[in-house]
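# Summary of the model geometry
Residue strings, one per chain:
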Amino acid sequence: RGMKSFMSYYITPISTNLTVERRYKQFDWFHERLTEKFPCMIIPPLPEKAVVGKYQQDFVEQRREKLELWLNRIGRHPVIAHCDVTNHFLTCQDEKDGWKEGKRKAEADKTSRSGFFMTIQCDAPLPDSLRSEREVSSFSGFTKKMEANLDKVVRQNDDYFHKMAGPLKQMYGKYGSLFKELGEVFETCPLQESKTLTGALMNTGKTYSEIADIYEAQPQYDAHVLSESVREYLGMLGSVPDMLHVHKGAAQKVKDYTNRDGEKDVEEEQNISQRYSTISAAVMAEITHFHKHRNTDFNLMMRNFLSSQLEFHSKICAKLNHALAQYPEQA
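Here we summarise the structure given alongside this text. (Residues numbered from 1 in each chain as written. Predicted model: local features only at pLDDT ≥ 70, side-chain atom pairs only at ≥ 80, totals over all residues. Heavy atoms only, no water.)

This paragraph deals with helix H5 (residues 129-165). Since one α-helical turn is 3.6 residues long, residues separated by three or four positions face the same way. Its 37 residues give H5 an end-to-end C-alpha distance of 53 Å, which sits within 8% of 54 Å, the value for a rise of 1.5 Å per residue. When H5 is considered as a whole, its buried residues turn out to be Ser-132, Val-136, Phe-139, Ser-140, Thr-143, Met-146, Leu-150, Val-154, Asn-157, Tyr-160 and Met-164. The secondary structure elements touched by the buried residues of H5 are helix H6 (167-187), helix H7 (194-217), helix H8 (223-238), helix H9 (240-258) and helix H10 (266-324). (Helix = DSSP H or I, 4+ residues; strand = E, 2+ residues; numbered from the N terminus. Expected span 1.5 Å × (residues − 1). Buried < 20%, exposed > 50% of the residue type's maximum accessible area, 1.4 Å probe, protein only. Contact = heavy atoms within 4.5 Å.)

Dropping the structure here:
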């Protein structure tokens, strides 16, 4: 009977400083539980599972990095980071009985989905329906526009990658070959005065060949990094409609009960209205959390992207300046 191979990841939470070992399927289970438990929160998707092709090792390392980013995002959420299922995932040391017991408890959690709203306590006054519907509608429009723009960013980065590794590399490589060939032609001239120019041309050819390689390598430092961050946000934006659907459903129940013919139960009407207000407060808190981290994340993304671009152009300038210095100024 053959042995099955699998990949494990070691996690050391700051809260305990104790390392636990988790397989991808446990991450998958954790993600399912969070999605089940928190219907009005934006749960970022996990990185893809499949490992294919000859780049398997690279893929595994990339997935490890993405899982680390995913856990860090979960850890920054003021509610999700402190719930029981998160605590179980990050701290359970017993890989057999202890894990199974915590797993059964999490799967039987009565505060999941609709039960979650029963656990919410609001310190501030609950938002009125007009305000909540206005803010939720505004957020819906904002995220749709953001998603459309980020799709364009990813496509532009793909185009940038292909141009940098294709036409632009080929163009600078061609210049490198041509200048080198010209230097080789000049090298056949017996005049002593040609040696400086010949050496400068050969160096320029080498410089342009190096610039071609720099162009090919650059996207992994700017466009690829930016696209990975943008794709993470696209994944989160993909879960926004489900969150807003919960709010819409609660609002519709209030309208349906209000417009219902016949005698109404005052207590039931109050409960429906209270539930809607609670859901509104939870959704609006999640919207605030999203915007707060969006500002921080995109500020860092753009700083990293522009810093990489500056470093790239500085390398090119340095190489061109060095090549230029090989040509003496004419008297």
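So, on to the side chain of Glu-286. When you line up the elements, Glu-286 lands in helix H10. The residues touching Glu-286, leaving out its near neighbours within four places in the chain, are Cys-40, Met-41, Ile-42, His-77 and Met-243.

Quick look at empty space enclosed by the protein now. Empty space left among the atoms is revealed by rolling a probe the size of a water molecule over them. The full count for this structure, using the stated rule, is one cavity of 30 Å³ or more. Empty space within the largest cavity amounts to approximately 140 Å³. Looking at the largest cavity, it is lined by 13 residues, and the ones nearest its centre are Ile-42, Arg-73, His-77, Met-236 and His-289. Taken together, the elements giving at least two residues each to the lining of the largest cavity come down to helix H2 (56-75), H8 and H10. Tallying contributions element by element places H10 first for the lining of the largest cavity, with four residues. (1 Å grid on protein atoms, 1.4 Å probe; cavity = no way out; pocket = protein on both sides within 12 Å on 5 of 7 lines; lining within 4 Å. Points joined across faces, edges and corners; volume = space filled by probe spheres on them.)

Let us now look at the nonpolar core. Most often, soluble globular proteins have nonpolar side chains that are buried together. Phe-27, Phe-30 and Leu-34 are the most contacted members of the largest nonpolar core, which has 52 residues in total. When sequence neighbours within four positions are dropped, the list of residues in contact with Leu-34 reads Ile-43, Trp-70, Ile-74, Ile-80, Cys-83, Val-85 and Thr-86. If you look at the next biggest cluster of nonpolar residues, it comprises eleven residues, including Tyr-172, Ile-211, Ile-214 and Phe-312. (Core = buried A, V, L, I, M, F, W, Y, C linked by side-chain atoms within 4.5 Å.)

Turning our attention to the packing of H6 against H7. Two elements in contact, H6 and H7, have axes separated by 7 Å at closest approach and are oriented at 165°. In terms of axis orientation, H6 runs roughly antiparallel to H7. For the pair H6 and H7, the crossing hand works out as left-handed. Tallied by class, residues from the contact of H6 with H7 come to 13 nonpolar, eight polar and six charged. (Axes fitted to C-alpha atoms, helices over the stretch in contact; angles between N-to-C directions. Parallel < 35°, antiparallel > 145°, perpendicular 65-115°, else oblique. Left-handed = near helix turned anticlockwise from the far one by under 90°. Nonpolar A, V, L, I, M, F, W, Y, C, P; charged D, E, K, R; others polar.)

What follows covers the layout of surface pockets. The volume enclosed by the largest pocket comes to roughly 910 Å³. Lining the largest pocket are 30 residues, and of these Lys-66, Leu-69, Glu-228, Ser-229 and Glu-232 sit closest to its centre. Counting residues per element, the ones that place at least two in the lining of the largest pocket are H2, H8 and H10. Here the lining of the largest pocket takes eight residues from H2, the largest share from any one element. In this structure, the second largest pocket encloses a volume near 550 Å³. Along the walls of the second largest pocket sit 22 residues, with Ile-11, Pro-13, Leu-71, Asn-72 and Leu-90 positioned nearest its centre.

By the element assignment, Lys-110 lies in the loop between helix H4 (97-107) and H5. For Lys-110, a relative accessible area of 78% puts it in the exposed group. In the structure, Lys-110 is positioned 69 residues away from Phe-179 in sequence and 74 Å away in space, judged by C-alpha atoms.

Scope: geometric values only; no functional claims are made or implied.
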